[in-house]
Amino acid sequence: MSTKIYSRDDISKHNTKGDLWIVIDSMIYDVSKFMNMHPGGASVFLDEEVAGQDATEQFFNLHRVEVLQKPQYKRLIVGQVENEKPIVKFPQPGDLSEVPYGEPSWLSKAYHSPYYNDSHKALQKWMRKFVDTVITPDAIAREKDGKRFSDDVVKKMAQYEINAMRLGPGKHLHGRTLAEGIVKPEEFDYIHEMVINQELVRHGQRGYGDGLLAGMVIGLPPVLNFGSEELKKRIIPEVLSGEKFISLAISEAFAGSDVANLRTTAKKSEDGKHWIINGTKKWITNGTFSDYFSVGCKTEGGLTMILVERTEGVSTEQIKTSYSTTAGTAFITFDDVKVPVENTLGPEDGGLLVILSNFNHERFVMATASVRSIRFVIEECFKWANQRKVFGKTLLGQPVIRYKLAGMVAKAESLQAWLEYIGFQMTKMSYKEQSRYLAGPIALLKMQCTRVENSVADDAVQIFGGRAITQTGMGRNIEMFNRTYKFNSLLGGSEEILGDLGIRQAMRQMPKSARL
Ligand code: HEM
């Protein structure tokens, strides 16, 4: 890059087709050749307020800052304006956002929190850098080509035990070196887990995010908590190391939240040594590439969870959903699949307990991600509203936009506070206490997250206008959010079911003596 210095007078002389310079943020770009390849057309550069002039404001009205970071455009720089310095900061891997409400308050200057200690803070810093450098570039590329994550990403996640940490605190972490030793396995708690899951969604690429082993997060716990010792010894290392993949296969075309009504059957073979499984499963995240499936089956006396390996009779087919194929969402067919009875997870006919046992944790994880995605959208809205000019003012200069942002921020901050409070309770409660006292609040938290996502998506689209329905450029993250947020109100228990559960749990605590 040349660092030649020019006065504004010098620059203004380069204002004709064939010799055309513009200034963006004090840097001088020679667009003489580029203008004919410019996606926004050549004519924009010939405008008398652009040719040989400072086009910073016009540029940021129409482009994301990342455009200027691309090597092919950096090469257009021929110098810098005399006595001027760039103002725009290019985000560097690991950076915290300086945009108001762009970070939860515990990461913002001057604020305090009772929940986060030094190891939570160190893990956040480490994780931010890891996501920015390893995951985000892959997320953006895979969302474009629709393929699943690059194996290299999962291998690196395994190397630093991110896969294991995503399952939450527990014995499975013992003996592992977590994030280069930043956290000791016995110290790892639900707040650490929350930190990881909030960082993991900051790239905003929803289909990829689910593709990046969401199946493992919900599909491995039944093996971890209910599998035989032999099964655990074999399956857990393979999955946590990223060599093999697993997904949770419960929902069917016939039954979603109503898990007791599944139709996939498992019948014992005559010698009693095998299950014979028949049926179908639908909407199975990561199913297209999974090697193992934790499958909910109807058995003689109820429901049984069985670990099925990808063997004869198992076939998976990609379902085209409103998000990208990177998630590997599958329709699965089990056709006389023979599975050793040793693959039973938990008690025979007691599968409901196995499924329910992870529901609170699973919903906590979903709420964690959802709250962070909402904040990501708000940050995008703040930036856009600050740089977009309409009717002679920035969008932020318009009361109607400020009112929308106010509502979004208030909701996001309430959710973050509630989430942290619940996460903290989880660090203090036994599993049994969590089931008793937190099932209701977690259900209500997740319900509220998806209600807020709904209103935030709506407001964000109104703020971004047409760009919010365009998959590239300024509004690409809003387009993605608006297209995919609805998944959350269905998975892990629908919004309505969770609201009902939350109040039913409260009803149990209702004192018989209470009267108005
Ligand atoms: C070095 C200077 C510039 C570069 C490298 C550049 C690059 C790009 C790129 C890559 C796009 C595709 C959309 C995106 O990815 O954001 C684009 C779109 C566009 N650009 Fe530029 N551009 C430059 C300067 C300008 C200037 C000065 C103007 C207007 C005064 C302008 C007007 C437009 C318009 C109108 C679009 C279409 C935007 C849309 O569809 O929303 N560009 N430009």
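Just so you know, these numbers come straight off a predicted model, no measurement behind them.

### A few points about the overall build of the protein chain
Along the protein chain, the regular secondary structure elements total 19 helices and 15 strands. Taking 2.2 N^0.38 as the reference for a compact globule, 516 residues should give roughly 24 Å; the C-alpha atoms of the protein chain span a radius of gyration of 26 Å, in line with that estimate. Considering only C-alpha atoms, the protein chain reaches an extent of 90 × 60 × 45 Å along its principal axes. Taken over 516 residues, the protein chain has a buried fraction of 52%. Partitioning the intrachain contacts of the protein chain with sequence separation of at least 6 by distance along the chain shows that 73% fall at a separation of at least 24.

### Description of the site of the ligand
Neighbouring the ligand are 19 residues, the closest being His38, Gly40, His63, Tyr73 and Arg467. Arg467 places a polar side-chain atom, nitrogen or oxygen, 3.1 Å from an oxygen atom of the ligand. In terms of residue count, helix α2 (residues 56-62) provides more of the shell around the ligand than any other element does, three residues in total.

### Describing the pattern of salt bridges
As enumerated under the stated definition, the model contains 30 salt bridges in all. Its salt-bridge partner being Arg64, residue Glu380 comes within 2.9 Å of it at the nearest N-O pair. With Glu380 in helix α14 (residues 359-387) and Arg64 in the loop between α2 and α3 (66-69), this pair connects stretches of sequence that are 316 residues apart. The exposure classification of Glu380 matches that of Arg64, with both residues buried. For Lys184, the salt bridge identified is with Glu187, shortest N-O distance 3.9 Å. A single network of salt bridges, built from pairs that share partners, joins Arg64, Glu66, Glu380 and Arg476.

### Concerning the coordination of the iron atom of the ligand
His38 (NE2) and His63 (NE2) make up the full set of protein donors to the iron atom of the ligand, lying at 2.0 Å. Because the angles between the six donor atoms bound to the iron atom of the ligand fall within 84 to 178°, the donor set is best described as octahedral. Here His38 is found in the loop between β4 (27-30) and α2, whereas its partner His63 is found in the loop between α2 and α3, with 25 residues between them in sequence.

### Considerations on the UniProt feature "domain: Cytochrome b5 heme-binding" (unreviewed entry) in the protein chain
Those places that UniProt annotates as "domain: Cytochrome b5 heme-binding" (unreviewed entry) correspond, in this numbering, to residues 3-82. Across residues 3-82, the secondary structure splits into 25% helix and 24% strand, with the terminal C-alpha atoms separated by 11 Å.

### What about the sheet that holds β4?
Spatially, the five strands line up as an open sheet ordered β1-β5-β4-β3-β2, and their pairing is mixed. Two strands close off the open sheet at either side, each with one partner strand: β1 (5-6) and β2 (15-16). Where β2 lies against strand β3 (residues 19-24), two bridges are found, and the strand directions are antiparallel. Pairing of Asn15 across the sheet is with Leu20, part of β3.

### Some words on the pairing of strand β9 (residues 292-299)
Of all eight residues making up β9, seven are buried, and the element is well covered by its neighbours. Two elements, β9 and strand β10 (residues 302-309), share eight bridges in a ladder whose sense is antiparallel. Bridge pairing links Thr299 to Gly302 in β10. Where β9 folds back onto β10 in an antiparallel hairpin, the turn is made up of two residues.

### A short note on the domain arrangement of the protein chain
Segmentation of the protein chain into domains returns domain 1 (5-81), domain 2 (105-212), domain 3 (239-349) and domain 4 (359-508). Computed from C-alpha coordinates alone, the two centres of domain 1 and domain 4 are separated by 38 Å. The interface of domain 1 with domain 4 comprises seven residues on the first partner and ten residues on the second. Taken together, both faces of the contact between domain 1 and domain 4 bury some 750 Å²; the carbon and sulfur share is 34%.

### Quick word on empty space enclosed by the protein
If you walk through the whole model with that rule in mind, you get two cavities of 30 Å³ or more. By volume, the largest cavity amounts to about 60 Å³. What lines the largest cavity is Pro104, Trp106, Tyr116, Gln124, Met194, Val195, Gln198, Glu199, Arg372 and Gln416. Counting residues per element, the lining of the largest cavity draws most heavily on helix α8 (residues 190-200), at four residues. Among the residues forming the lining of the largest cavity, the class breakdown is five nonpolar, three polar and two charged. As a volume, the second largest cavity reaches approximately 40 Å³. Lining of the second largest cavity is provided by Ile218, Pro222, Leu248, Ile250, Val354, Ile355, Asn358, Phe359 and Glu362. Taken together, the elements giving at least two residues each to the lining of the second largest cavity come down to α13 (351-357) and α14.

### Observations concerning α8
Among the eleven residues of α8, eleven are classified as buried, and the element is accordingly described as predominantly covered. The complete set of buried residues in α8 reads Tyr190, Ile191, His192, Glu193, Met194, Val195, Ile196, Asn197, Gln198, Glu199 and Leu200. Two to three positions downstream of the cap, the backbone nitrogen of Ile191 sits 2.9 Å from a side-chain oxygen, assigning the N-cap of α8 to Asp189.

### Notes on the packing of helix α15 (residues 399-428) against helix α17 (residues 439-464)
Contact pair α15 / α17: the axes reach a minimum separation of 10 Å and the direction vectors enclose 160°. As summarised for this structure, α15 and α17 are arranged roughly antiparallel, according to the angle between their axes. The hand of the α15/α17 crossing is left-handed. Looking at side-chain class alone, the contact of α15 with α17 contains 17 nonpolar, three polar and three charged residues.

### Here's the deal with the environment of Leu178
Within the secondary structure layout, Leu178 lies in the loop between α7 (162-165) and α8. Sequence spacing of Leu178 and Asp459 is 281 residues, and the spatial spacing of their C-alpha atoms is 39 Å. Setting aside chain neighbours within four positions, we find Leu178 in contact with Tyr160, Glu161, Met165, Leu173, Val183, Lys184, Pro185 and Phe188.

What counts as what
Residues numbered from 1 in each chain as written. Predicted model: local features only at pLDDT ≥ 70, side-chain atom pairs only at ≥ 80, totals over all residues. Heavy atoms only, no water. Helix = DSSP H or I, 4+ residues; strand = E, 2+ residues; numbered from the N terminus. Rg over C-alpha atoms; globule rule 2.2 N^0.38 Å. Buried < 20%, exposed > 50% of the residue type's maximum accessible area, 1.4 Å probe, protein only. Contact = heavy atoms within 4.5 Å. Near = heavy atom within 4 Å. Polar contact = N/O pair within 3.5 Å; in protein donor to acceptor, adjacent residues only side chain to side chain. Salt bridge = Lys/Arg side-chain N within 4 Å of Asp/Glu carboxyl O. Donors = N, O, S within 2.8 Å, 3.2 Å for Na, K, Ca; no water. Tetrahedral: all angles 85-135°; square planar, octahedral: opposite > 155°, others 65-115°. UniProt positions renumbered as here; feature names shortened; annotations may be inferred. Pairing = 2+ DSSP bridges. Domains from an automatic or database assignment. Buried area = accessible area lost by both parts, 1.4 Å probe. 1 Å grid on protein atoms, 1.4 Å probe; cavity = no way out; pocket = protein on both sides within 12 Å on 5 of 7 lines; lining within 4 Å. Points joined across faces, edges and corners; volume = space filled by probe spheres on them. Nonpolar A, V, L, I, M, F, W, Y, C, P; charged D, E, K, R; others polar. Axes fitted to C-alpha atoms, helices over the stretch in contact; angles between N-to-C directions. Parallel < 35°, antiparallel > 145°, perpendicular 65-115°, else oblique. Left-handed = near helix turned anticlockwise from the far one by under 90°.

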